[in-house]
Amino acid sequence: MRMSHLYMPTIKEDPADADVVSNKLLIRAGMVRQLVSGVYSYMPLGNRVLKKVEKIVREEQDAAGFQEVLMSALQPRELWDKTGRWADFGPEMFKLEDRKGREFCLGPTHEEYFTDFVKNELNSYKQLPLIIYQIQSKYRDERRPRAGLIRCREFLMKDAYNFDIDEEGMVKSYEKVWESYEKTFDRLGFDYRIVRGDSGNMGGNVSHEFIAITSGGEAQIAYCKDCDYSATDEIAECVTKNYDESDEMLTPEKVHTPDVKTIDQLNEYFNLPRKKFVKTLLFKAEGEVFAVMLPGDRDLNITKLSKYLEVHPDRIEMLVEGEINDLTGSHLGFVGPFGLKDSVRLIIDSRVKKMKNFIVGANEIDYHLKNANIQEDLECEIVKDLLNAKVGDECPECGGTIDIQTGIEVGNIFQFGTKYSKALDATFLDKNGVAQHFWMGSHGIGVSRIVAALVEQNHDDYGIIWPLNVAPYQAIVSILNTKDEERVALGEKIYEDLKAKGVEVLLDDRNERAGVKFNDMDLIGIPLRVVVGRKASEGIIEYSTRDEMDKAEISTEDAIDRIVTAVENIK
RNA sequence: CGGGUUGUGGCGCAGUUUGGUAGCGCACUACGCUGGGGGUGUAGUGGCCGCUGGUUCAAAUCCAGUCAACCCGACCA
């Protein structure tokens with residue numbers, strides 16, 4: 001492709017709206033543009049990258065024996081009512097009506113449709129197991145789209161669904177998908193971790209997430225420095241022995257603490273570490289009121305609380321100031337476990353149960369209780385773990401040290417058994433001629449999100465550094481001065497030779513100054529680069545790669561040879 | 001949905017406090033010089049100042065409403 005004709009509007013300054021580096025660079029490099037919040041379009045270079053990522057994803061799915069299909073994105077409401085997810089998804093779903101008033105949505109995911117489809121088409125265990133997938137735009141009306149391509153309302157996703165005769169088969173399918181994902185993310189060159197995930201509203205038991213590690217990514221993971229343990233922050237088990245577990249229980253004592261309400265203030269007022277305090281948080285959900293006790297130096301993990309209560313996390317609300325007194329008899333900043341109204345359920349993290357002689361609110365304005373302890377006769381519910389894991393915790397598996405990293409979730413896999421097949425009554429006949437529900441799982445890869453994650457992991461101050469196998473073009477030939485006929489002739493020749501050898505190559509034949517060409521070349525991140533410059537008359541060019549940037553003066557034949565070899569070696 | 005910020009040529013911004021002819025840089029067009037890291041000269045093109053209403057002789061500027069975008073915050077590829 002000649003750059004004099006390439007639709008590649010690069011931008012010199014950072015766009016004001018873009019915050020994350022991938023969004024900035026993709027916009028500046030003329031690869032994507034935003035239409036409205038969370039909706040993006042791809043220009044030629046961006047589209048080529050997207051298609052290459054898609055191709056790698058597809059190849060690995062096909063290699064694993066999964067079969068590609070394409071289901072409609074437009075789906076009728078009835079399908080979703082059968083599983084209750086028309087209501088569950090709520091405002092996250094883009095809904096619309098046809099001219100007759102029938103309700104539809106744009107698919108945010110496809111469990112219902114795939115299950116319904118298979119139900120109508122597959123009847124026998126002999127046709128199982130089956131894993132089918134599609135690559136298609138998904139639509140989710142996110143409460144807050146952000147970070148460019150990372151969190152969109154329209155995004156390209158590969159979603160796969162497995163149908164098995166029993167649990168064992170489902171687990172085998174899960175493992176096959178797992179392997180195909182490892183191959184995919186390995187090929188993409190990602191630095192990533194596979195972590196245990198929460199199954200969210202997909203329902204079910206086991207899930208894992210594939211997290212591309214980037215600083216400032218929105219997914220937090222806890223992992224063990226000493227073994228393979230890793231999990232998302234939502235479910236990572238918190239193990240810590242940070243607390244005073246002495247046997248001696250001192251006598252409780254009321255202490256005047258005027259206007260000292262937060263753990264920070266207590267810390268300062270008593271000059272004691274945060275772990276000597278206990279915080280009591282008040283929540284309501286489903287008409288009940290809860291007091292939750294945690295060590296003062298720890299944060300509540302809402303997912304864990306939600307699981308314990310068996311209530312959707314969105315339904316759990318913190319009490320506001322006015323409600324606290326009415327509903328619990330306590331006061332904001334001075335809440336404690338003793339003397340709450342009987343209707344308040346007292347829920348205690350197991351660490352608090354073991355803590356001795358801590359300081360906690362006295363349920364009286366301007367008073368805290370010193371030397372408080374959870375006595376055996378206190379009516380309460382002890383929950384093993386309600387805390388967010390933290391750097392320095394103990395690994396729940398090997399006792400090693402836990403660390404926290406952030407990243408971007410680029411893939412995830414779920415086992416959900418017969419949840420959807422039962423809801424949609426999707427069955428097959430087993431060996432004995434008995435109808436059985438399919439055992440299923442669903443598995444996603446965020447194709448468009450991968451484009452952003454790749455940029456997050458592969459860039460420098462000058463621009464994007466595309467890996468060779470996803471680069472929009474593999475090579476670029478830049479003619480520095482297009483008024484110099486010798487250089488033009490040589491550049492054209494190299495360009496034609498590379499094209500003839502099957503290399504995807506750009507020719508920078510624009511009548512621009514050298515600086516513009518160098519800067520654009522760096523920005524758009526083409527991996528293999530030939531600069532035709534001063535030594536063109538001797539047949540010598542400058543060869544460099546985008547990641548190394550070191551220029552080597554070599555012959556044109558040598559350069560072509562290196563480029564062709566590099567391209568042939570692409571996995 | 002709460003909290004915060006911002007809407008002025010394609011992009012980045014000033015002007016709003018104190019109402020009075022809409023500006024700067026980049027980009028773009030034409031011609032020239034230059035030709036190894038976003039060069040330069042001359043001459044140009046392009047804007048109902050997000051939208052609606054109000055105050056006023058007069059509104060980018062003041063007032064009210066509304067819409068949109070971005071950032072922080074409770075599960076999402």
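Calculation criteria
Residues numbered from 1 in each chain as written. Chains lettered and ligands numbered in written order. Predicted model: local features only at pLDDT ≥ 70, side-chain atom pairs only at ≥ 80, totals over all residues. Heavy atoms only, no water. Helix = DSSP H or I, 4+ residues; strand = E, 2+ residues; numbered from the N terminus. Buried < 20%, exposed > 50% of the residue type's maximum accessible area, 1.4 Å probe, protein only. Contact = heavy atoms within 4.5 Å. Areas by Shrake-Rupley, 256 points an atom, 1.4 Å probe, with all protein chains shown as cover. Lys, Arg positive; Asp, Glu negative; His and termini not counted. Charge placed at Lys NZ, Arg CZ, Asp CG, Glu CD. Pairing = 2+ DSSP bridges. Axes fitted to C-alpha atoms, helices over the stretch in contact; angles between N-to-C directions. Core = buried A, V, L, I, M, F, W, Y, C linked by side-chain atoms within 4.5 Å. Near = heavy atom within 4 Å. Polar contact = N/O pair within 3.5 Å; in protein donor to acceptor, adjacent residues only side chain to side chain. Nonpolar A, V, L, I, M, F, W, Y, C, P; charged D, E, K, R; others polar. Expected span 1.5 Å × (residues − 1). Arc of directions from axis to C-beta. pLDDT = per-residue confidence, 0-100. Parallel < 35°, antiparallel > 145°, perpendicular 65-115°, else oblique. Left-handed = near helix turned anticlockwise from the far one by under 90°. Phe/Tyr/Trp six-rings, centres within 6.5 Å; stacked < 30°, edge-to-face > 60°. Lys NZ or Arg CZ within 6 Å of the ring centre and 35° of its normal. Disulfide = S-S within 2.5 Å.

**Student:** Where do I start with the overall build of chain A in this structure?
**Tutor:** A tally of regular secondary structure across chain A gives 15 helices and 31 strands. Seen along its three principal axes, the alpha-carbon backbone of chain A occupies a region of about 95 × 70 × 50 Å. Counting all 571 residues of chain A, 53% fall into the buried class. Residue pairs at least 24 apart in sequence account for 69% of intrachain contacts in chain A once pairs closer than 6 positions are excluded. Put simply, chain A shows about 26,400 Å² of open surface, and 46% of that area lies on carbon and sulfur atoms. Separation between the mean location of the 74 positive side-chain charges and that of the 100 negative ones in chain A comes to 3 Å.

**Student:** Explain the pairing of strand β15 (residues 288-295) here, please?
**Tutor:** A regular strand places its side chains so that they alternate between the two faces of the sheet. For β15, the tally of buried residues reaches seven of eight residues, placing the bulk of the element in the interior. When strand β14 (residues 278-285) meets β15, the two strands line up antiparallel, connected through eight bridges. Across the sheet, the residue bridging to Lys284 is Val289, located in β15. The turn joining β14 and β15, which pair antiparallel and follow one another in sequence, is formed by two residues; a positive phi near 50° is taken by Glu286. Of the strand pairs in this sheet, β15 and strand β17 (residues 344-349) are connected by five bridges, and their pairing is parallel. Residue pairing for β17: Val289 is matched across the bridge by Val344.

**Student:** Whenever I open this one, the sheet that holds strand β28 (residues 505-508) confuses me. Can you help?
**Tutor:** Within a sheet, adjacent strands bond to each other through the backbone by hydrogen bonds, running parallel or antiparallel. Ordered in space as β28-β27-β29-β30-β31, the five strands form an open sheet in which the pairing is mixed. At either margin of the open sheet sits one strand with a lone partner, and together these are β28 and β31 (552-555). Sheet twist, expressed as the average angle between the axes of neighbouring strands with direction ignored, equals 25°. Note that strand β29 (residues 528-532) and strand β30 (residues 540-545) share four bridges and pair antiparallel. Its bridge partner being in β30, Arg529 is matched across the sheet by Ser544.

**Student:** Even after reading the chapter, I still don't get unusual backbone geometry, so can you show me in this structure?
**Tutor:** Only a minority of non-glycine residues have a phi that is not negative, and only a minority of peptide bonds are not trans. The omega angle of the peptide bond from Leu128 to Pro129 is 0°, so this bond is cis rather than trans. For Pro129, the position within the fold is in the loop between α5 (111-121) and β7 (130-139). Positive phi, normally seen in glycine, also occurs at Met549, with a value near 70°. On the secondary structure map, Met549 appears in the loop between β30 and β31. The class for Met549 is partly exposed, based on a relative accessible area of 25%.

**Student:** In this structure, what is going on with the nonpolar core? I would like to understand it.
**Tutor:** Within soluble globular proteins, side chains that are nonpolar tend to cluster in buried spots. Phe185, Phe190 and Trp466 are the most contacted members of the largest nonpolar core, which totals 62 residues. If one sorts the elements of this core by residue count, helix α12 (residues 447-457) sits on top with seven residues. Sequence-distant contacts of Trp466, defined by excluding residues within four places in its chain, comprise Leu26, Met31, Val49, Val451, Leu454, Val455, Ala471, Pro472, Ile524, Gly525 and Pro527.

**Student:** So what exactly am I meant to see when it comes to the protein's contact with RNA strand B here?
**Tutor:** Around RNA strand B there are 56 residues in total, and Arg143, Arg151, Pro313, Lys483 and Asp522 lie nearest to it. Within the side chain of Arg140, one N or O atom sits 3.1 Å away from a sugar or linking oxygen of RNA strand B. Of all the elements in the fold, those that place two or more residues in the surface near RNA strand B are β1 (32-36), β8 (154-164), β21 (402-417), β24 (439-446) and α14 (514-524). The class makeup of the residues in the surface near RNA strand B is 18 nonpolar, 13 polar and 25 charged.

**Student:** Even after reading the chapter, I still don't get helix α6 (residues 167-187), so can you show me in this structure?
**Tutor:** An α-helical turn contains 3.6 residues, so any two residues separated by three or four positions project in the same direction. Here α6 spans 30 Å end to end across 21 residues, near enough to the 30 Å set by a 1.5 Å rise per residue. Among the residues making up α6, those that are buried are Gly169, Met170, Ser173, Tyr174, Val177, Ser180, Tyr181, Thr184, Phe185 and Arg187. Buried positions in α6, seen along its axis, are confined to an arc of 150° and lie on one side of it. Structural note: α6 exposes Glu168 and Lys172 on the side pointing more than 90 degrees away from its buried face.

**Student:** Help me out: how do you make sense of the confidence of the model for chain A in this one?
**Tutor:** In low-pLDDT segments, the atomic positions of the prediction should not be examined closely. Looking at chain A, the pLDDT average stands at 87 and 98% of residues meet or exceed 70. Among the prediction metrics, the complex's ipTM stands at 0.89, with pTM recorded as 0.86.

**Student:** Looking at this structure, how should I read the sheet that holds strand β6 (residues 103-106)?
**Tutor:** Strands sit in the order β4-β6-β5 across an open sheet of three strands; the sheet is antiparallel. Strands at the two margins of the open sheet, each flanked by one partner only, are β4 (74-76) and β5 (94-97). Between one strand axis and the next, the sheet turns through 35° on average, direction left out of account.

**Student:** What should I look at first to understand the packing of helix α2 (residues 44-63) against α12 in this one?
**Tutor:** If you want to describe how two helices pack, look at the angle between their axes and the distance between the axes. One can describe the packing of α2 onto α12 by two numbers: an axis separation of 9 Å at closest approach and a directional angle of 115°. The pairing of α2 with α12 is recorded here as roughly perpendicular in orientation. Of the two elements, α2 crosses α12, and the hand of that crossing is right-handed. Packed against α2, whose contacting residues are Val49, Leu50, Val53 and Glu54, the element α12 presents Val447, Ser448, Ile450, Val451 and Leu454 at the interface.

**Student:** Would you explain the packing of aromatic side chains in this entry?
**Tutor:** For any pair of aromatic rings, geometry is given as the distance between the ring centres together with the angle between the planes. Following the criterion strictly, the structure yields 14 aromatic pairs and no others. On the numbers, 4.7 Å between centres and 75° between planes, the contact of Phe416 with Tyr420 is edge-to-face. Tyr420 carries the same exposure label as Phe416, and that label is buried. Connected via pairs of aromatic rings, a cluster forms that spans Tyr174, Trp178, Tyr181, Phe185, Phe190, Tyr192 and Phe210. Positioned above the aromatic ring of Tyr473 is the side chain of Arg48, whose terminal nitrogen or guanidinium carbon lies 3.9 Å from the ring centre. Sitting above the plane of the Tyr223 ring, Arg193 keeps its charged end 3.7 Å from the centroid.

**Student:** What is the right way to read the side chain of Ser448 from this model?
**Tutor:** Note that Ser448 resides in helix α12. Residue classification places Ser448 among the buried positions, given a relative accessible area of 2%. Ignoring anything within four residues of it in the chain, the contact list for Ser448 reads Tyr42, Leu50, Leu149, Phe155 and Leu156.

**Student:** I tried to follow the state of the cysteines on my own but got confused; where do I start?
**Tutor:** Here, disulfide denotes a covalent bond that connects the sulfur atoms of two cysteines. Scanning the entire structure with this criterion turns up zero disulfides. Left unpaired, Cys224 is separated from the closest cysteine sulfur, that of Cys398, by 3.5 Å. Given the relative accessible area of 3%, Cys224 is considered buried. Summary of cysteine pairing: Cys227 is not part of a disulfide, and the nearest cysteine sulfur, belonging to Cys398, is at 3.6 Å.

**Student:** What is the right way to read the environment of Glu182 from this model?
**Tutor:** Residue position: Glu182 is located in helix α6. Residue Glu182 is classed as partly exposed on the basis of its relative accessible area, which comes to 28%. C-alpha of Glu182 to C-alpha of Ser555: the two residues are 373 residues apart in sequence and 40 Å apart in space. When residues no more than four places from it in sequence are discounted, the contact partners of Glu182 are Tyr192, Ile194 and Phe210.

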